[in-house]
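# Observations on the model geometry
Each chain, written out:
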Amino acid sequence: MIKVDISNVWGQLALPDLLAMEEEVADAHNTLTDGTGAGSDFLGWLNLPVREPSEEVIRIQKAAQKIRKNSDAFVVIGIGGSYLGPRAAIELLQGPNHNIGKGKGNPQIFFAGNGLSTRHWNELTRLLEDKDFSIAIISKSGTTTEPAIATRALRWMLERKYGTDGAKERIFAITDPCKGALRQMATEEGWETFVIPPNVGGRFSVLTAVGLLPLAVAGIDIVQVLNGAADAKEMYDLRAFENPAWQYAAVRNLLYRNGKSLELFESFEPGFKMFGGWWQQLFGESEGKDGKGIFPATAEFTADLHSLGQMIQQGQRNMFETMVRFDAPEQKYTIGSDWKNLDGLNYLEGKTLDFVDEKAFLGTVAAHVDGGVPVIIMDAGELNDRKVGELFYFLELCCGISAYILGVNPFNQPGVELYKRNMFQLLGKPGYEK
Ligand code: PA5
């Protein structure tokens, strides 16, 4: 079970105030699971965790096997909720340098269509040169500009390389079961497709094929991921303050009411950076509306202690932190002795890197709490495929509860739609003229 330690918030909050929220939190949780709140037609994610693989999951595993066998590289096209989840999980489990040394049998994973940078595009096409590759096109609406542009270009690259029939074997579309340009295109072209259920929004879709196909191609056990999510579904259903989801959702709302309008979500693991990005979208798009919301930001420690540390310690007192911790890995690095000791490090001789990391963590928490920054500690335990599934579901649940406490619809994103519409208009897309 993920443990939420709130002992470092009491300088800023009082326990009776938290306990007084019990009914409010219970209502928010019930509203979510009973489907009686705003946006309740987007609650399909609550039931995505399964113990036994569904037909769709078995098909995903088969497609992944084929891609792993015939591809040196796999390009995942998508943006926002159609991209962040798989990248977050792959980098968390395999590290930010996961592509080094990979090839056929265990393909490299690249991401495209998550921006409009020509430099990034040029780099990607260089990386794909002379490689056998396959692509997954992920878009629920099928009309988002960034992935649509990447799709057209990569699809043509595949067709030039393998011919239309050969390319068909290497293109996988993940989209709405009936609607949208991508669904239509996939049907017409005969590509294999997987479904984003209509009642699952982008940022809650990581446990559908959106996350599962890229994860399976990366060699991650997606049944374990789904089982971890199923564990979470059971464990965090508890309707009491012993539920860590309640603690996190309630404390962050109470801090917000006390003027803490920015949350820094962080870890001491470099591989966590994209997971922070996934969390940022989940909470940012779900809560930032109606003039409300905690601004979600992320940081990587200890690196960012040397850039953001000063601001956290002594800047505007409007933030709190959530630090995610994992158990140390089995393989240790022990600091050796140097007879010259010119760097003065011999006092650490025989100590492991984890020992130093632990002290850095404790020192950071103490300093930030002293500086008036409340720190929530989320202890996730051992990091493995199953844990990632648990974390995804746990944080989605926290987000749903938290947004209902805040009094917003967690499942729409009218602001994002506005940007998309403006861009279509500026680009002169037919049907979007002023
Ligand atoms: O969470 C969301 O709904 C958004 O971030 C979408 O996932 C993102 O805009 C991409 O949309 P689509 O999957 O329709 O291309």
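Here, every reference points to the structure presented above.
This report concerns the structure included in the present document. (Residues numbered from 1 in each chain as written. Predicted model: local features only at pLDDT ≥ 70, side-chain atom pairs only at ≥ 80, totals over all residues. Heavy atoms only, no water.)

## Examining the packing of aromatic side chains
Following the criterion strictly, the structure yields 20 aromatic pairs and no others. With 5.6 Å between their ring centres and 85° between their planes, F241 and W246 make a pair best called edge-to-face. Each member of the pair, F241 as well as W246, is classed as buried. Relative to W279, the ring of F265 has its centre 4.2 Å away and its plane inclined at 5°; by these criteria the two rings are stacked. With F265 in strand β7 (residues 262–267) and W279 in helix α11 (residues 273–287), this residue pair connects regions lying 14 residues apart in the sequence. Assigned by exposure class, F265 and W279 land together as buried. Three or more aromatic residues joined by ring pairs form one cluster here, namely Y248, F265, F272, F275, W278, W279, F283, F326 and F392. Directly above the ring of Y162 sits R170, whose terminal nitrogen or CZ lies 4.1 Å from the centroid. Here K429 stacks its cationic end above the ring of F424, 4.0 Å away from the centre of that ring. (Phe/Tyr/Trp six-rings, centres within 6.5 Å; stacked < 30°, edge-to-face > 60°. Buried < 20%, exposed > 50% of the residue type's maximum accessible area, 1.4 Å probe, protein only. Helix = DSSP H or I, 4+ residues; strand = E, 2+ residues; numbered from the N terminus. Lys NZ or Arg CZ within 6 Å of the ring centre and 35° of its normal.)

## Focus on the nonpolar core
Within the largest apolar cluster, 92 residues are counted, with the highest numbers of intra-cluster contacts made by W45, L213, Y248, W278 and L395. The dominant element in this core, judged by the number of residues it contributes, is helix α14 (residues 385–406), at twelve residues. In this structure, W278 is in contact with L84, G85, A88, R203, V206, F392, L395 and E396, ignoring residues within four places of it in sequence. Of all hydrophobic cores here, the second largest spans 20 residues; its members include A73, L128, A173 and L182. (Core = buried A, V, L, I, M, F, W, Y, C linked by side-chain atoms within 4.5 Å. Contact = heavy atoms within 4.5 Å.)

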